[in-house]
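Structure at a glance
So you can see what is in the structure, the chains are spelled out below.
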Amino acid sequence: RVPSPETLNLAPYPFCFGILRDMANTICKFMADDIRGNGRLLSYCLETTKSDLNWKPSVKGEGRSILEQADEVAKLNKGIAAMLGGGQMNMSEEPLIKNPEEAAKTVMSSATALADAIEKCSDDELSKPITLPFGTFPAKIAVGMANMNMVYHWGQTNYVELLDGDKDFRIPPEFMNN
């Protein structure tokens, strides 16, 4: 954890203050870029899938469609972004994504909203508690959960496609080192 420059007495060391400020900005930028990248990963998969996004695998218990999973991702991203900006999370039952055609765009816009909110945060703001429907966490942990949730559902989307007979593994071409 990079300490907030305001919590340290760096008056005699103005050079150190600049380094710590830049490190904190770099950490927020890194987190934001990672979230944008993972949003692109999932949105690309949603754009290019050959599977029916409403199809639910037959499993013990309750299966969820790719569309339902994408909706969860968008709601969590937008909710945490709102909370970072001082607003409230809305995890209503009403879906944000109403049809498969808007899934990729909605996921990507939610990732961008979360990334933009992080870039506006200070280190201290990322340490403040955020209450999610399943517990209270420091904001930086909640942001990490949203980020991991996108990667998790990208994997699940690829797996549901495999169950549906589609063996292509989807990674955006710009991620490839060709």
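You'll find the structure just up there.
This write-up is about the structure you can find in this document. (Residues numbered from 1 in each chain as written. Predicted model: local features only at pLDDT ≥ 70, side-chain atom pairs only at ≥ 80, totals over all residues. Heavy atoms only, no water.)

Some words on the side chain of Asp166
To be explicit about the condition: Secondary structure elements follow DSSP: runs of H or I no shorter than four residues count as helices, runs of E no shorter than two count as strands, and numbering proceeds from the N terminus. Burial classes: relative accessible area under 20% of the type maximum marks a residue as buried, over 50% as exposed, and values in between as partly exposed (1.4 Å probe, protein chains only). Residues adjacent in sequence count toward polar contacts only when both atoms are side-chain atoms; beyond that, a polar contact is any pair of N or O atoms within 3.5 Å, and within protein one must be able to donate a hydrogen and the other to accept it. A contact between two residues is defined here by any heavy atoms of the two lying within 4.5 Å.
Counting through the fold element by element, Asp166 comes out in the segment after α5 (139–163). Assessed through its relative accessible area of 8%, Asp166 is described here as buried. There is a polar contact of 3.0 Å between the side chain of Asp166 and the backbone nitrogen of Asp168. Residues within four places of Asp166 in sequence aside, it is in contact with Lys50, Ser51 and Glu161.

Considering the packing of aromatic side chains
Put simply, the test is: Pairing of aromatic side chains here covers Phe, Tyr and the six-membered ring of Trp, requires ring centres within 6.5 Å, and sorts the geometry by plane angle: under 30 degrees stacked, over 60 edge-to-face, intermediate tilted.
Applying the stated criterion to the full structure yields two aromatic pairs. On the numbers, 5.9 Å between centres and 55 degrees between planes, the contact of Phe134 with Phe137 is tilted. With centroids separated by 5.2 Å and ring planes inclined at 65 degrees, the aromatic side chains of Trp154 and Phe169 adopt a geometry described as edge-to-face. Highlighted residues: Trp154 in helix α5 and Phe169 in the segment after α5, separated in sequence by 15 residues. The class of Trp154 is buried, set by a relative accessible area of 13%.

What to know about the pairing of strand β1 (residues 129–132)
Rules: The pairing criterion for strands is at least two bridges between them, as found by DSSP.
Residues Ile130 and Leu132 line the buried face of β1, whereas the alternating positions Pro129 and Thr131 sit on a face that is not buried. Taking the residues between adjacent antiparallel strands as the criterion, β1 and strand β2 (residues 135–138) are bridged by two residues.

Re the pattern of salt bridges
We apply this condition: Whenever a carboxyl oxygen of Asp or Glu lies within 4 Å of a side-chain nitrogen of Lys or Arg, that contact is scored as a salt bridge.
Inspection of every chain in the model, using the stated rule, returns 14 salt bridges. As a salt-bridge pair, Lys75 and Asp71 come within 3.3 Å of each other at their nearest N and O atoms. With a gap of four residues between them, Lys75 and Asp71 both fall in helix α2 (residues 66–84), about one helical turn apart. There is no split in this pair, since Lys75 and Asp71 are both buried. Here Arg170 ties to Glu161 by a salt bridge, and the two come within 3.3 Å at their closest N and O atoms. Residues participating in the shared-partner salt-bridge network are Lys29, Asp33, Arg36, Asp116 and Glu119.

Let's talk about the packing of α2 against helix α3 (residues 103–119)
Counted only if it meets this: To get an axis, a line is fitted to the C-alpha atoms, and for a helix only the part in contact is used. The angle between two axes follows their N-to-C directions and goes from 0 to 180 degrees. When an angle is under 35 degrees it counts as roughly parallel; over 145 it counts as roughly antiparallel; between 65 and 115 it counts as roughly perpendicular; any other value is oblique. Each crossing gets its hand from how the near helix is turned against the far one by less than a right angle, where anticlockwise is left-handed and clockwise is right-handed.
Two elements in contact, α2 and α3, have axes separated by 8 Å at closest approach and are oriented at 25 degrees. As far as their axial angle goes, α3 and α2 are roughly parallel. When you trace α2 past α3, the crossing you get is left-handed. Residue-level inspection shows Leu67, Ala70, Val73, Ala74, Asn77, Lys78, Ile80, Ala81 and Leu84 of α2 in contact with α3, the latter providing Ala103, Thr106, Val107, Ser109, Ser110, Ala111, Ala113, Leu114, Ala117 and Ile118.

Take it as geometry only, folks, not as evidence of what the structure does.
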